[in-house]
Amino acid sequence: FFQYCLSGHPTLPCNVLKFKSTTIMLDCGLDMTSTLNFLPLPLVQSPRLSKLPGWILKDGSTFLDKELKECSGHVFVDSVPEFCLPETELLDLSTVDVILISNYHCMMALPYITEYTGFTGTVYATEPTVQIGRLLMEELVNSIERVPKAQSASMWKNKEVQRLLPAPLKDAVEVSMWRKCYTMPEVNAALSKIQLVGYSQKIELFGAVQVTPLSSGYALGSSNWIIQSHYEKVSYVSGSSLLTTHPQPMDQASLKNSDVLILTGLTQIPTANPDGMVGEFCSNLAMTVRNGGNVLVPCYPSGVIYDLLECLYQYIDSAGLSNVPFYFISPVANSSLEFSQIFAEWLCHNKQTKVYLPEPPFPHAELIQTNKLKHYPSIHGDFSNDFKQPCVVFTGHPSLRFGDVVHFMELWGKSSLNTVIFTEPDFSYLDALAPYQPLAMKCVYCPIDTRLNFIQVSKLLKEVQPLHVVCPEQYTQPPPTQSHRTDLMIDCQPPAMSYRRAEVLTLPYKRRYEKIEIMPDLADSLVPLEIKPGISLATVSAVLHTKDNKHVLQLPPKPPQPPASKKRKRVSDDVPECKSLKPLLSGSIPVDQFVQTLEKHGFSDVKVEDTAKGHIVLLQEAETLIQLEEDSTHIICDNDEPLRVKLRDLVLKFLQKF
Amino acid sequence: MPEIKVTPLGAGQDVGRSCILVSIAGKNVMLDCGMHMGYNDDRRFPDFSYITQNGRLTDFLDCVIISHFHLDHCGALPYFSEMVGYDGPIYMTHPTKAICPILLEDYRKITVDKKGETNFFTSQMIKDCMKKVVAVHLHQTVQVDEELEIKAYYAGHVLGAAMFQIKVGCESVVYTGDYNMTPDRHLGAAWIDKCRPDLLISESTYATTIRDSKRCRERDFLKKVHETVERGGKVLIPVFALGRAQELCILLETFWERMNLKAPIYFSTGLTEKANHYYKLFITWTNQKIRKTFVQRNMFEFKHIKAFDRAFADNPGPMVVFATPGMLHAGQSLQIFRKWAGNEKNMVIMPGYCVQGTVGHKILSGQRKLEMEGRQILEVKMQVEYMSFSAHADAKGIMQLIRQAEPRNVLLVHGEAKKMEFLKQKIEQEFHVSCFMPANGETTTILTNPCIPVDISLGLLKRETAIGPVPDAKKPKLMHGTLLMKDNSFRLVSPEQALKELGLAEHQLRFTCRVHIQDPRKEHETVLRVYNHLKG
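Predicted model only: the values in this text are computed from it and were never measured.

Peer 1: Mind laying out the domain arrangement of chain B, listing which residues take part and the relevant values?
Peer 2: Looking at the assigned domains, one finds that chain B contains domain 1 (3-210 + 391-439), domain 2 (214-386) and domain 3 (452-535). Just the C-alpha atoms count here: the centres of domain 1 of chain B and domain 3 of chain B sit 55 Å apart.

Below is the structure:
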């Protein structure tokens, strides 16, 4: 049992598990932090960005000034943004049988895997995961494709050149593996390989392994996975939450009795309380708007935005914001808002109850109806006519490198009346802002990450008691910036096994048993014998059938009737190869009873001699000598087969066959 | 020999009050709990005394499963759980859980408020009953207890309709509820995997019918409606609020749009708005096409179809009215029918099955003079049309499902005895499986032959599969092992391991024989020959 670790990002995992005879990929997260090294892609020509000076090496050489630009002391690549893919060289990805997706954030690398590696297997995910994952990919592709960039920089990636660059470019890993965004045909091809599954659905893989998704409480349709055979159980926990937001609560009970629990996707901001952050978000938003400023919320088109809109729904009237327009701008804004309302079965209890009434589960339906929330596919078109300030804009991408958010950063960055509020935890807000410096706009950091924190993890582990825990190395030590916070790491016994990118772990368990089915007629023919109190045994001689990794024992066929004619019939295929069975024997032979039995069967001249280890029985007329010892019997006789068989049968009467 | 027992309390050689008791491996499950539309007395509910004469329902039953929200499948539920008394779990899908209480309340209102019956279940009882309901997802394996598990499959028929697999160990039963094997304008087709149950309990409403193509029926329907409206007549379509109504609405809506027709279409009040809302919120349960386009155009937002007001029935000029209930046995559809029946320009289209005893059934069987309340005779001059739009599988569909699931036995319910008999023969001929059709209260026993799962040591299994020069998967192999039985665990291990685990030593049995060989050759040559002979 091996685990190949293809991603070093703890919340965007990509692991491959070799379990029994199957190869299972767990998630394929796409690390997008690489895009922070690139210049933003403006929708409208930005004079500021186009005038940024080229970067010049210390020795004055300028050969990189077309590729690299400098902004407020930071250096950026002036090119189409690129993403850091999961490791593709560690194992042959065409051998992957199935991919299990845990939530829509963890499938963003799927097209790279399914379309470029020779993958021919099946992907399993829940319906909301697929639908919302499609929206996230659509938005990503759209926001990159609609701003075609002539330049594709590659010179800086040269190892010799990269060495000369300033941090963080100098330290960026595997830059040669960075790839441009996929296209919509690739997305569609990848998504067509997905098979939809529901929570607690048992899916058989090749008859050898069973996988089951469980609710993980983090997002619509998000799941943890159980990978098990009859004897081994691996739990894969990825992006789980115990907070009550909109999704169905996490199923913890089913994680019990795991041999190995793989733990990924914990909160990225362990020190921030999500509830407190939502409060701060609302008050900062209200303050800015009251002062006549605009609020920009860089966000993904699904997920936390539903919760934020719900908070605002309750908050705007009491805060006197009823007349402030809220805009949600994304090519998939409408779809996201509509889709959120149709997944009743994947929602928390309260929201389900609303659907039963029947009312839309999310109050943003009402915000839209009352015109308080308006959504647009982009800043072009209707939006420019309706646009009124001051306002609140929700738009992507949270990295601030592409999407409509770039436009609003350029538009509102110069005024200190405006505020940008960061709620998504995936990108460092300081890094995200770097290419916009100097900036007058206020910046508020309210990261909302509802995933498990370390206190919840240790409670969970105590509860479900896995034999072994496997996790990314980041979780086994305190965060680098807070090395004294030993509470911000996983604490369990035995200590968690950690992994890092491009590592192969051997998982610590060994299989000892397999399931086999005994057919009823065979079971009927067995003769159990009680050997010890409560323990019975029966010897089984049967035909073993193995098909699709399932084993069945059947009654052996009756020996073929001796052919009536002398012609030899062809031996049919159904007759098993009969190798002569030599059962094991156990027990010891009581000499007195043995002698009595011999006499009963016509041996009249039996003599017994005692030896150091047992007895010797002599049959003088038959010229036979039988040595009886505790655990062995030795019969020395003449070449007389009937005699030998007779003696054998008499001896076997006293022994137990196995 | 282990057995599965099935006793229909309702729907045995009958349509109505579906309620089937199944005993499998010591577990008792009740499938559906419906009412009968043809009766107003005790016979409207299943006879639960069959169980209660021996004790409490909760003690006897491990769980109750409701296949879909039609009242002939869930109408007796509050009576069963609150008045007879059942506190165990009741399983149904999410849409069924959402819509079922509304239909029950509607049914209660008609019975108690309009007909003035007492001793019926109350609104509070419906609420208390629904609290015992556990909602299930499609394909989710629900562990009712340690041994009993159930799993829902998509059944088409109506929103949220499901087939259920009931499984204990390796014995299993599949109950289809009502299902539809052809996708329609708003729902998909029923689907099940090759789960090879010991018993398939299938509905058989259309056991002898093989329906012509859906397209033809739709064209026929539209032509009839169109012609009537053209000559100024009124069309009454009695429907149940949820299900066929939505399919026909989609059909008429698109037709009106295409033909640019002006005659008004009404939907009788009450559930309409709400019903459409359920379809919008549970759109994942509808068919592929509707699901794909719902963001751009929600098929359940109708432009041409408006809410009906009772006063409209007397308006002059043509109109189309969808009115509930579907069998013309009470309520608004019956009221409108009485008003319009006298005019030969008008038409009533019955789009579904009608239970015996209902006005719908009477007019469909050709009766044209009906005795109404107060001995009044109603003469029916309007045209009466029947068009099978109810989403049940026809004979072809039932055979198709049997082919999909590959059951070892089939049991028919929810149909008429004569038609069942025909289908039963067909099934036995084509699939060579036994087919049963018990009447209500009659128990069918099916012998099963479950195999016994045993743990085999991996060492033994590997040794046995590796034996032989070329491992040939197709050729069976004889293997030898020792089965250890301790408490309830069964383990198959190698004889050596069994000895070791039991703390027993092996007993060696050896033979030594003297053999005389006459051979003129030299001694070592003889030895060599003997050695080679033995080796060969």
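Peer 1: Break down the interface of chain A and chain B for me, citing the residues and quoting the values.
Peer 2: Of the residues lining the interface, 89 residues belong to chain A; the matching set on chain B comes to 72 residues. Each partner contributes to the roughly 7,300 Å² buried at the junction of chain A and chain B, and carbon and sulfur atoms together form 61% of this total. Area buried by chain A at its contact with chain B is led by A:Glu345, A:Tyr356 and A:Tyr513, which between them contribute 10% of it. Our count for the chain A to chain B interface comes out at three salt bridges. Taken together, chain A and chain B are joined by 30 residue pairs in polar contact (both at pLDDT 80 or more). Counting residues per element, the side of chain A that touches chain B draws most heavily on strand β25 (residues 535-547) of chain A, at twelve residues. For the side of chain A that touches chain B, the per-class residue count stands at 46 nonpolar, 21 polar and 22 charged. The pairing of strand β31 (residues 632-638) of chain A with strand β26 (residues 508-514) of chain B spans seven bridges and is classified as parallel. Its bridge partner being in β26(B), A:Ile636 is matched across the sheet by B:Thr512.

Peer 1: Report on the domain arrangement of chain A, specifying residues and quantitative values.
Peer 2: All names here are of chain A. The assigned domain composition of chain A is domain 1 (2-29 + 84-149 + 176-267 + 452-506), domain 2 (274-445) and domain 3 (585-657). Of note, the centres of domain 1 and domain 2, computed from C-alpha atoms alone, are 28 Å apart. With 27 residues of domain 1 at the contact, the number on the domain 2 side is 26 residues. Across the domain 1 to domain 2 interface the summed buried area is about 2,300 Å²; carbon plus sulfur atoms make up 70%. Among the residues of domain 1 in contact with domain 2, Leu135, Glu139 and His246 are the three that bury the most area, contributing 29% of the side total.

Peer 1: Run through the confidence of the model for chain B, naming residues and quoting values.
Peer 2: Looking at chain B, the pLDDT average stands at 88 and 96% of residues meet or exceed 70. For this predicted complex, the interface score ipTM comes out at 0.85, alongside a pTM of 0.88.

Conventions and cut-offs
Residues numbered from 1 in each chain as written. Chains lettered and ligands numbered in written order. Predicted model: local features only at pLDDT ≥ 70, side-chain atom pairs only at ≥ 80, totals over all residues. Heavy atoms only, no water. Domains from an automatic or database assignment. Contact = heavy atoms within 4.5 Å. Buried area = accessible area lost by both parts, 1.4 Å probe. Salt bridge = Lys/Arg side-chain N within 4 Å of Asp/Glu carboxyl O. Polar contact = N/O pair within 3.5 Å; in protein donor to acceptor, adjacent residues only side chain to side chain. Helix = DSSP H or I, 4+ residues; strand = E, 2+ residues; numbered from the N terminus. Nonpolar A, V, L, I, M, F, W, Y, C, P; charged D, E, K, R; others polar. Pairing = 2+ DSSP bridges. pLDDT = per-residue confidence, 0-100.

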